[in-house]
Amino acid sequence: MTRREHKEHKEHETESEGQPTTRSAPLRRSLGLTALGTLFPGAGLALTRRRPLGLVLLVLALLLLVGTAWYVVSQGAESAALSLGSRPDTLQTLGIVMAFGMLVWMASVALTALTTRPRPMSGGQRAGLSVFTGFMCLLLAAPAAVGLRYIDAHSDAVDKIFIGRSHDQSASTLATPDLGDEKNPWSGTPRVNLLMLGSDAGENREGVRTDSMLVASIDTQTGDAVLFGIPRNLEKVPIPADNPLSRVWPQGYNCGDACLMNGIWTEAEAASETNPGWYPMDPNPGLTATQDVIGEILGLPIDYTVIVNLEGFQDLVDAMGGVDINVQERLPMGGRTTTTADGRPMLVPGSESGYLEPGEQHLTGYQALWYARSRITTDDFSRMRRQRCVVAAVIEQVNPLTMIQRYPQVVGVAGDNVRADISRDELPAWAELVQRVQNGSIKSLPFTVQNTDVGDPNYTAIRARVQDAIDPPPPPTITPSPPSAEETPNPEPSPASTPEETPPAPTEDALEDVGVVC
């Protein structure tokens, strides 16, 4: 036995008063310091003969904690989460640093136990301290493993979703953020138009069916947005001259009710197969034609597009924990249809899986999907209104902080069912824009039978309404004329001039806040 070990052995045998000590006291001290080192890196070591190393770890941990707290407080918790989430490369670097730091932390815990272990130790003490130390290391490793799993899932989803633009779309005409301006990347871009397509492709359907078409026109400085719903059964849609599909339909997509807006995608794909040189270097002619035609209808350039597989939308809402919707009409979920004697579709009684009842509801993914899709007992225009309501509800209710628990599931579903032509480099700018939209107002302007003849639309009038919605004209200034000498100073109002006590209810074909129509 060395002189140092002999001295430590003597210290364990007698207390300061010279009385024998129990063999459990050193073990309790070792367990306590090991636990302390688990709570904060280096705290246990700082109370042992390895104090310098413990203090170094303690100071580094404190600096990291203070720096993280400052970043979160200065940015705001939600802003900080979005900022990191929009930088997957930074997240992966942090993951590597976190893994290395956790290994150092666990090593310091094991070193604390090794430094403070009783000498000599019984077999039971050795086993107990070893099990306890292993458990403390496991407590540290578990959250680190979860964090690395989150980072890996996030990076994988980002790679799948944000694929960037697939071909040159005349970039000079598209709204893009200034990636060199970190403070306000949208300062040179007053407005950005985002097309959201719901893909309803099925095994018994040919091609992609874009049955849900929404355009969000966003004021990049205020975050105020207007949602425009495009009817799927719009006829005689104009095709820009620079799109090759115009060679087939120079006067627009016009062949009666067999040529509807939601057939443009399939039509362009077929034209591309027949004429391979029409869409050179373009892997998705159907999407390009759909973007061009919708832009021509609204008189707005389509800057970005997000495509959502409607079958996966159900899983996405479930992964988010559901969505709150004010259901305004009784709607069946699922079901088969038949045709009445006058040619109208009718729900086959008993074929539905249930009904959505009117009122405030917390909808599951299945319920939200059918709320957005059902039109057996209503019509396309009612469905368009409901689709805008669902989109607005999802935007307003997404909270990064409350989704942490479900995050791997959310991004996994999104990665399988969502595609956006936003590049990874643009994500930080879009994260900032999303926050502005959540703090701004969302209005809705539908095109319904009340304002649009879908069989013979007036596209000039549609574009004028769109411009008035995104850039409202100033209200007319009325200058009252001075009263004439014959007029009485305080005339009594006639019954006909008495204003109505209750203002008229808003109609669904007017520009309204989403909350009014939802």
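These figures come from a predicted structure and were not determined experimentally.

What counts and what doesn't
- Residues numbered from 1 in each chain as written.
- Predicted model: local features only at pLDDT ≥ 70, side-chain atom pairs only at ≥ 80, totals over all residues.
- Heavy atoms only, no water.
- Helix = DSSP H or I, 4+ residues; strand = E, 2+ residues; numbered from the N terminus.
- Buried < 20%, exposed > 50% of the residue type's maximum accessible area, 1.4 Å probe, protein only.
- Contact = heavy atoms within 4.5 Å.
- Areas by Shrake-Rupley, 256 points an atom, 1.4 Å probe, with all protein chains shown as cover.
- 1 Å grid on protein atoms, 1.4 Å probe; cavity = no way out; pocket = protein on both sides within 12 Å on 5 of 7 lines; lining within 4 Å.
- Points joined across faces, edges and corners; volume = space filled by probe spheres on them.
- Nonpolar A, V, L, I, M, F, W, Y, C, P; charged D, E, K, R; others polar.
- Salt bridge = Lys/Arg side-chain N within 4 Å of Asp/Glu carboxyl O.
- Pairing = 2+ DSSP bridges.
- Axes fitted to C-alpha atoms, helices over the stretch in contact; angles between N-to-C directions.
- Parallel < 35°, antiparallel > 145°, perpendicular 65-115°, else oblique.
- Core = buried A, V, L, I, M, F, W, Y, C linked by side-chain atoms within 4.5 Å.
- Expected span 1.5 Å × (residues − 1).
- pLDDT = per-residue confidence, 0-100.
- Arc of directions from axis to C-beta.
- Phe/Tyr/Trp six-rings, centres within 6.5 Å; stacked < 30°, edge-to-face > 60°.
- Lys NZ or Arg CZ within 6 Å of the ring centre and 35° of its normal.

## Notes on the overall build of the protein
And step 1. A tally of regular secondary structure across the protein gives 15 helices and 13 strands.
And step 2. For the protein, with 518 residues in total, the buried portion stands at 42%.
And step 3. If you take every contact in the protein between residues at least 6 apart in sequence, the share linking residues at least 24 apart comes to 71%.
And step 4. Carbon and sulfur atoms make up 58% of the accessible area of the protein, which totals about 27900 Å².

## Remarks on empty space enclosed by the protein
And step 1. By the definition in use, this model includes 1 cavity of 30 Å³ or more.
And step 2. Here the largest cavity is characterised by a volume of approximately 50 Å³.
And step 3. As for the largest cavity, its lining consists of Asp211, Ser212, Met213, Ile230, Pro231, Arg232, Asp380, Arg383, Met384 and Gln387.
And step 4. Contributing elements (two or more residues each) for the lining of the largest cavity: β2 (210-219) and α11 (380-397).
And step 5. Top contributing element to the lining of the largest cavity by residue count: α11, with 4 residues.
And step 6. The residue makeup of the lining of the largest cavity, split by class, is 4 nonpolar, 2 polar and 4 charged.

## Focus on the pattern of salt bridges
And step 1. With the rule as written, the count across this model stands at 8 salt bridges.
And step 2. As a salt-bridge pair, aspartate 159 and arginine 424 come within 2.3 Å of each other at their nearest N and O atoms. You can see aspartate 159 sitting in helix α6 (residues 123-161) and its partner arginine 424 sitting in the loop between β11 (418-420) and α13 (427-439), a full 265 residues away along the chain.
And step 3. One salt-bridge network, in which partners are shared between bridges, spans Asp89, Asp159 and Arg424.

## Let's talk about the pairing of β2
Two faces, one strand: in a regular strand the side chains alternate between the faces of the sheet.
And step 1. Counted residue by residue, β2 has 9 buried out of 10 residues, so it is predominantly covered.
And step 2. Here β2 hands over to strand β3 (residues 225-229) after 5 residues, with glycine 223 in that stretch at a positive phi of 85 degrees.

## Remarks on the packing of helix α2 (residues 24-39) against α6
And step 1. Two elements in contact, α2 and α6, have axes separated by 10 Å at closest approach and are oriented at 10 degrees. In terms of orientation, α2 and α6 fall into the roughly parallel class. For the pair α2 and α6, contact is made by Ser24, Leu27, Ser30, Leu31, Thr34, Ala35 and Thr38 and by Gln125, Leu129, Phe132, Thr133, Met136 and Leu140, respectively.
And step 2. For the contact of α2 with α6, the residue count by class is 7 nonpolar, 6 polar and no charged.

## Here's the deal with the nonpolar core
In globular proteins that are soluble, nonpolar side chains generally tend to be buried together.
And step 1. Residues Phe228, Val237, Leu245, Met261, Ile294, Ile297 and Leu298 are the most contacted members of the largest nonpolar core, which totals 40 residues.
And step 2. Going through the elements one at a time, β1 (191-199), β2, β3, α7 (264-274), α8 (285-298), α11 and α14 (459-470) are the ones with two or more residues in this core.
And step 3. Per-element accounting of this core gives the leading share, 6 residues, to α8.
And step 4. Setting aside residues no more than four positions away along its own chain, phenylalanine 228 makes contact with Met213, Leu214, Val215, Ser217, Leu298, Leu300, Leu445, Phe447, Val466, Ala469 and Ile470.
And step 5. Of all hydrophobic cores here, the second largest spans 32 residues; its members include Ala175, Ala216, Ala414 and Val437.

## Topic: α11
And step 1. With 18 residues, α11 should cover 26 Å at 1.5 Å per step; its first-to-last C-alpha distance of 25 Å lies within 8% of that length.
And step 2. Most of α11 is tucked away, with 15 of its 18 residues classed as buried.

## Observations regarding the pairing of β1
And step 1. Most of β1 sits inside the fold, with 8 of its 9 residues counted as buried.
And step 2. Of the strand pairs in this sheet, β1 and β2 are connected by 9 bridges, and their pairing is antiparallel. Looking at the pairing, glycine 198 lines up with serine 212 of β2.
And step 3. As paired elements, β1 and strand β4 (residues 304-309) share 6 bridges and run parallel to each other. If you follow leucine 194 over to β4, its bridge partner there is tyrosine 304.

## Re the confidence of the model for the protein
And step 1. Of the residues in the protein, 82% have a pLDDT of 70 or more, and the chain-wide mean is 82.
And step 2. Low pLDDT, under 50, characterises residues 11-21; the stretch is placed with 10 contacts to residues that sit more than four places away or in other chains.

## Overview of α2
Since the α-helix packs 3.6 residues into each turn, any two residues three or four apart lie on the same face.
And step 1. Taking 1.5 Å of rise per residue, 16 residues should cover 22 Å, and α2 covers 23 Å from first to last C-alpha, within 8% of that figure.
And step 2. Taken residue by residue, α2 has Pro26, Leu27, Ser30, Leu33, Thr34, Gly37 and Thr38 as its buried positions. The arc that holds the buried residues of α2, viewed along the axis, is 145 degrees, so those residues lie on one side. Of the exposed residues in α2, those oriented more than 90 degrees away from the buried face are Arg28 and Leu39.

## Considering unusual backbone geometry
And step 1. The peptide bond linking arginine 119 to proline 120 adopts the cis configuration, its omega dihedral lying at -5 degrees.
And step 2. Along the chain, the position of proline 120 falls in the loop between α5 (88-116) and α6.
And step 3. Within the chain, lysine 236 stands out as a residue other than glycine whose phi angle is a positive 55 degrees.
And step 4. Along the polypeptide, lysine 236 turns up in the loop between β3 and α7.
And step 5. Although it is not a glycine, methionine 281 sits at a positive phi angle of roughly 65 degrees.

## Quick word on the packing of aromatic side chains
And step 1. Here the structure, examined in full by the defined rule, presents 3 aromatic pairs.
And step 2. Aromatic pair tyrosine 304 and tryptophan 430: ring centres 5.1 Å apart, planes at 85 degrees, arrangement edge-to-face. Taken together, the residues tyrosine 304 in strand β4 and tryptophan 430 in helix α13 connect sequence positions 126 residues apart. With respect to burial, tyrosine 304 and tryptophan 430 carry one shared label: buried.
And step 3. Taking the ring centre of tyrosine 355 as reference, the NZ or CZ of arginine 330 above it sits at 3.9 Å.
And step 4. Lying across the ring of tyrosine 371, arginine 386 places its NZ or CZ 5.8 Å from the centre.

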